[in-house]
Amino acid sequence: QVQLVESGGGLVQAGGSLRLSCAASGSIFSFNTMGWYRQAPGKQREVVAHITSGGSTVYVDSVKGRFIISGDNAKTTVYLQMNSLKPEDTAVYYCNAEFRLGPLVGYKNYWGQGTQVTVSS
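This is a predicted model, so every value here is computed, not measured. (Residues numbered from 1 in each chain as written. Predicted model: local features only at pLDDT ≥ 70, side-chain atom pairs only at ≥ 80, totals over all residues. Heavy atoms only, no water.)

Peer 1: Is there a simple way to explain the overall build of the chain in this structure?
Peer 2: Counting secondary structure elements, the chain contains zero helices and eleven strands. Moving toward the C terminus, one meets the helices and strands of the chain in the order β-β-β-β-β-β-β-β-β-β-β. If one aligns the C-alpha atoms of the chain with their principal axes, the spans along those axes are about 50 × 25 × 25 Å. The proportion of buried residues among the 121 residues of the chain is 38%. (Helix = DSSP H or I, 4+ residues; strand = E, 2+ residues; numbered from the N terminus. Buried < 20%, exposed > 50% of the residue type's maximum accessible area, 1.4 Å probe, protein only.)

Rendered as structure tokens:
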């Protein structure tokens, strides 16, 4: 069974920084992408950033230049360094990953439980 465990959320003042971590556990054969989504109160969940197994990264426009996603393939861990945080970054942040558990099975989507990030003005 695969689990994603997030850590690093919290309360920070505007302009501050936080680093989120997401560690995967279980019998993972390989991953396609790992990334972060967020959901603010009353809003739909949106993608923030993701990274592929080849190291390519994609960011939503609102975080470009402020957030950096990185990964550790060996540990199947993904990080999100969040700098210059703004009140509008306040949300629950969810880790997401596409893993396959063997060479003959397809990729499956997995979610973490979420971690709260609150940015005060």
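Peer 1: I would appreciate a short explanation of the nonpolar core in the present structure.
Peer 2: The nonpolar side chains of a soluble globular protein tend to be buried with one another. Counting 29 residues, the largest nonpolar core has Leu 4, Met 34, Trp 36, Leu 80, Met 82, Tyr 93 and Phe 99 as the members making the most contacts within it. Secondary structure elements with two or more residues in this core: β3 (18-25), β4 (30-39), β5 (46-52), β7 (67-72), β8 (77-82), β9 (91-100) and β11 (115-120). No other element matches the five residues that β9 contributes to this core. (Core = buried A, V, L, I, M, F, W, Y, C linked by side-chain atoms within 4.5 Å.)

Peer 1: Quick question: what am I supposed to make of empty space enclosed by the protein here?
Peer 2: A probe matching the size of a water molecule, rolled over the atoms, marks out where space remains unfilled. Enumeration according to the criterion identifies one cavity of 30 Å³ or more in this entry. The volume enclosed by the largest cavity comes to roughly 30 Å³. Lining the largest cavity, in full, are Phe 31, Met 34, Ile 51, Gly 71, Asp 72, Asn 73, Thr 76, Thr 77 and Val 78. Those elements that provide at least two residues to the lining of the largest cavity are β4, β7 and β8. Looking at the lining of the largest cavity, its residues break down into four nonpolar, four polar and one charged. (1 Å grid on protein atoms, 1.4 Å probe; cavity = no way out; pocket = protein on both sides within 12 Å on 5 of 7 lines; lining within 4 Å. Points joined across faces, edges and corners; volume = space filled by probe spheres on them. Nonpolar A, V, L, I, M, F, W, Y, C, P; charged D, E, K, R; others polar.)

Peer 1: Help me out: how do you make sense of the environment of Ile 68 in this one?
Peer 2: Tracing the backbone shows Ile 68 in strand β7. Judged by relative accessible area, Ile 68 falls into the partly exposed class, the value being 48%. Sequence spacing of Ile 68 and Leu 80 is twelve residues, and the spatial spacing of their C-alpha atoms is 5.7 Å. Sequence-distant contacts of Ile 68, that is, excluding residues within four places in its chain, are made with Tyr 59, Tyr 79, Leu 80 and Gln 81. (Contact = heavy atoms within 4.5 Å.)

Peer 1: How do you make sense of the pattern of salt bridges when you look at a structure like this?
Peer 2: Side chains that differ in charge, positive against negative, can pair when their charged atoms come close. Applying the stated rule across the entire model yields four salt bridges. Here Asp 61 and Lys 64 are joined by a salt bridge, their closest N and O atoms 2.9 Å apart. Residue classification places Lys 64 among the partly exposed positions, given a relative accessible area of 49%. Taking the shortest distance from any N to any O, the salt bridge between Asp 89 and Arg 66 comes out at 2.7 Å. (Salt bridge = Lys/Arg side-chain N within 4 Å of Asp/Glu carboxyl O.)

Peer 1: How do you make sense of the packing of aromatic side chains when you look at a structure like this?
Peer 2: The relative placement of two aromatic rings is captured by the distance of their centres and the angle of their planes. Evaluation of the coordinates by the stated rule reveals two aromatic pairs. For the pair Tyr 37 and Trp 111, a centre-to-centre distance of 5.0 Å together with 65° between the ring planes defines the contact as edge-to-face. Linking Tyr 37 in strand β4 with Trp 111 in strand β10 (residues 108-111), this pair joins segments that are 74 residues apart in sequence. Arranged with centres 5.8 Å apart and planes meeting at 40°, the rings of Phe 99 and Tyr 110 form a pair that is tilted. Residue Phe 99 is located in strand β9, and its partner Tyr 110 is located in strand β10; the two are separated by eleven residues in the primary sequence. The buried category is assigned to Phe 99, whose relative accessible area is 0%. Classification of Tyr 110 by relative accessible area gives buried; the value is 13%. When the ring centre of Tyr 79 is taken as reference, the NZ or CZ atom of Arg 19 above it lies at 4.1 Å. The ring of Tyr 94 has Arg 45 sitting right over it, with the charged end atom 3.7 Å from the ring centre. (Phe/Tyr/Trp six-rings, centres within 6.5 Å; stacked < 30°, edge-to-face > 60°. Lys NZ or Arg CZ within 6 Å of the ring centre and 35° of its normal.)

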